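Spelled out from the first residue to the last, the chains are:
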Amino acid sequence: MIDLDRAVAMPPLVYLDEGDEVTIGRPDIDSYAVLPSDGAELVRRLADGMTPRAAARWYAEAFGADVDIEEFLADLAELNLAEVGPQPVPASAPVRFQRLGRLLLAPPAMLGYGLIVLAAVVVATRHHDLAPGYGHLFFTPYFALVEIVLFLGQFPLMLLHESAHVLAGRRLGLRTRVSVGFRFYYFVLQTEMDGLVAVPARKRVLPMVAGIGTDLVVASLLTLTAAALRGPGGSQPLVGRLALALAFTTLLRVAWQFYFFLRTDLYYVVSLVLGCVDLHGTATAMLRNRIWRLRRRPDRLVDSSAWHPRDVRAGRWYAALMVAGYGLSTLLLVVAVLPAAYHFISGVLGHLNGSAGVRGVADAAVFLGLNLLQLALVVTLAVRARRSRRRPLTA
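Residues numbered from 1 in each chain as written. Predicted model: local features only at pLDDT ≥ 70, side-chain atom pairs only at ≥ 80, totals over all residues. Heavy atoms only, no water.

Q: Got a minute to help me understand the overall build of the protein in this structure?
A: What the protein contains, in helices and strands, is twelve helices and five strands. When burial is assessed residue by residue, the protein has 38% of its 395 residues classed as buried. Considering only contacts in the protein between residues 6 or more positions apart, those separated by 24 or more positions represent 64%. Summing over all exposed atoms, the protein offers an accessible surface of approximately 23,100 Å²; the carbon and sulfur share of this is 64%. (Helix = DSSP H or I, 4+ residues; strand = E, 2+ residues; numbered from the N terminus. Buried < 20%, exposed > 50% of the residue type's maximum accessible area, 1.4 Å probe, protein only. Contact = heavy atoms within 4.5 Å. Areas by Shrake-Rupley, 256 points an atom, 1.4 Å probe, with all protein chains shown as cover.)

And the structure:
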């Protein structure tokens, strides 16, 4: 039972006023709520020490309506935004690496990063053999070595990309963290930045684009490394060729960011600029509604009353972009990825016939073994996921 004549214990809260709505929450535990402005004012009164009964009386006088203060407090307690029961509100945990994030993303550091990228562009313009190109992937004639080195080499660079997001969020006091996910047929690492909902719009941009900026700096450093190792006539040692290969694959990840429909970093920047709340979700629901209308199934339509007006306006063109994007990805898979894989495998099979000697046969065998192992792993995980969905629940 809530004592309405006793002030409620509440942790420090943040408030982001966005017109008719206010986001309140706790960045230290990533718990947030979006309230109408009058509800946020009520929370402020409670946080200032006003008793629930007095706060309810104030609300009725200020807005001409009654509020169920007990239910309101129960909702806040469920989100750990207020303490109304025997269980205390979870204590705030200090955000680690906040100082490091501020140091690495300070204006002088940002200027240095820009100069590194500019230097790489100048060098690649002067020496075209250093410019990004598909041929850089084949830094060795051994297919298995190409696959292993590039595969293993990408993970540290992907983690570096996500670490930039994490540090950019930590510098703002957010509990950012990295998780694993999938986008269409792409495996991705992704940074969870739930706390951005309570950060002013102008401060959200850097955490969103920090990964892309890091990729550009990494690719530039790798290019400059190859430039330093470049011999007369453009010859490169193995380290230089490997640096160019990793630089090319890093730039491919930057290009991938323009696949907005996969909710990449740039998708969130576009959503921020347009002031959208859930652009992807709304556009997806709009597409489904359109399909169900064409199939004359009004019973399957999604209720559009909860969609934000800005999402609806942008969703009209974003839905078309989603269809085009998925179509383009599928087309690229059919006309580029699969044919490239075919030629890759053809070369491997050529090695297997013994024309490339014992090393060529060993290279081809390892390459095929690695890919079959990956395929078996994917099939195993898919089967397990399907079985777990079908397994009946037991008491």
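Q: Mind showing me how you'd approach the side chain of Ser271 here?
A: Tracing the sequence through the fold places Ser271 in helix 9 (residues 265–274). On the basis of relative accessible area, Ser271 is assigned to the buried category, the value being 9%. What Ser271 contacts, discounting residues up to four positions off in sequence, is Cys276 and Leu279.

Q: Explain the nonpolar core to me, please; I cannot follow it from the model alone.
A: Nonpolar side chains in soluble globular proteins tend to be buried together. Counting residues in hydrophobic clusters, the biggest one holds 23 residues, and the most contacted among them are Ile24 and Leu76. At the level of secondary structure, the elements contributing two or more residues to this core comprise strand 2 (21–26), strand 3 (31–36), helix 1 (37–47), helix 2 (52–63) and helix 3 (69–78). When near neighbours in sequence (up to four residues on either side) are disregarded, Leu76 contacts Met10, Ile24, Val43, Leu81 and Ala82. (Core = buried A, V, L, I, M, F, W, Y, C linked by side-chain atoms within 4.5 Å.)

Q: What exactly am I supposed to notice about a negative patch on the surface here?
A: A surface patch of negative charge is lined by Asp68, Glu70, Glu71, Asp75 and Glu78. The topology assignment puts Asp75 in helix 3. (Patch = residues over 30% accessible without salt bridge, like charges linked within 9 Å, V, L, I, M, F, W, Y side chains within 5 Å. Salt bridge = Lys/Arg side-chain N within 4 Å of Asp/Glu carboxyl O. Lys, Arg positive; Asp, Glu negative; His and termini not counted. Charge placed at Lys NZ, Arg CZ, Asp CG, Glu CD.)

Q: What am I meant to see in the pattern of salt bridges here?
A: Opposite charge on two side chains permits pairing when their charged atoms draw close. Under the counting rule described, the total for this entry stands at five salt bridges. The salt bridge involving Asp5 is made with Arg53; its shortest N-O contact spans 2.7 Å. Residue Asp5 is located in the segment before strand 1 (14–18), and its partner Arg53 is located in helix 2; the two are separated by 48 residues in the primary sequence. Residue Arg53 is classed as partly exposed on the basis of its relative accessible area, which comes to 37%. Measuring nitrogen to oxygen at the nearest pair gives 3.1 Å for the salt bridge that ties Arg297 to Asp299. Residue class for Asp299 comes out exposed when judged on its relative accessible area of 55%.

Q: When you look at the sheet that holds strand 2 in this model, what are you seeing that I'm missing?
A: Strand pairing in a sheet is mediated by backbone hydrogen bonds. Such pairs are either parallel or antiparallel. Spatially, 1-2-3 is the arrangement adopted by the three strands of the open sheet, whose pairing is antiparallel. Unpaired on one side and paired on the other, strand 1 and strand 3 mark the two borders of the sheet. Strand-to-strand twist of the sheet, defined as the mean angle between neighbouring strand axes without regard to direction, takes the value 20 degrees. The pairing of strand 2 with strand 3 spans six bridges and is antiparallel. Each bridged residue has a counterpart across the sheet, and for Gly25 the counterpart in strand 3 is Tyr32. (Pairing = 2+ DSSP bridges. Axes fitted to C-alpha atoms, helices over the stretch in contact; angles between N-to-C directions.)

Q: Would you take a moment to explain helix 3 for this structure?
A: Given 3.6 residues to a turn, an α-helix orients residues that are three or four positions apart in the same direction. Listed as buried for helix 3 are Ile69, Phe72, Leu73 and Leu76. Down the axis of helix 3, the smallest arc covering the buried residues is 95 degrees, so these residues share one side. In the core, the buried residues of helix 3 are packed alongside strand 2, strand 3, helix 1 and helix 2. At the C-terminal side of helix 3, Asn80 shows a positive phi close to 60 degrees. (Arc of directions from axis to C-beta.)

Q: How do you make sense of the pairing of strand 2 when you look at a structure like this?
A: On a regular strand, one side chain projects to one face of the sheet and the next to the other, so that they alternate. Among the six residues of strand 2, five are classified as buried, and the element is accordingly described as predominantly covered. Hairpin connection between strand 2 and strand 3: a loop of four residues separates the two successive antiparallel strands, and Asp30 in this loop has a positive phi of roughly 55 degrees.

Q: Hey, could you run me through the packing of aromatic side chains in this one?
A: Aromatic ring pairs are reported here in terms of the distance separating the ring centres and the angle at which the planes meet. All chains considered together, the criterion is met by five aromatic pairs. Plain terms: the ring middles of Tyr59 and Phe63 are 4.9 Å apart, the flat faces sit at 40 degrees to each other, and that makes the pair tilted. With Tyr59 and Phe63 both in helix 2 and four residues apart, this pair spans about one turn of that helix. Judged by its relative accessible area of 10%, Tyr59 falls in the buried class. The exposure class of Phe63 is partly exposed, given its relative accessible area of 39%. Here the basic side chain of Arg44 rests over the ring of Tyr15, its NZ or CZ set 4.3 Å away from the ring centre. (Phe/Tyr/Trp six-rings, centres within 6.5 Å; stacked < 30°, edge-to-face > 60°. Lys NZ or Arg CZ within 6 Å of the ring centre and 35° of its normal.)

Q: I'm lost on unusual backbone geometry in this one. Help?
A: For residues that are not glycine, phi is negative in most cases, and the peptide bond is trans in most cases. Here Asn80, not a glycine, exhibits a phi torsion of approximately 60 degrees, which is positive. For Asn80, a relative accessible area of 30% corresponds to the partly exposed category. One non-glycine residue, Arg296, lies in positive phi territory at about 55 degrees. Assignment of secondary structure puts Arg296 in the loop between helix 10 (279–294) and helix 11 (309–352). Taking relative accessible area as the criterion, Arg296 reaches 74% and is therefore assigned exposed.

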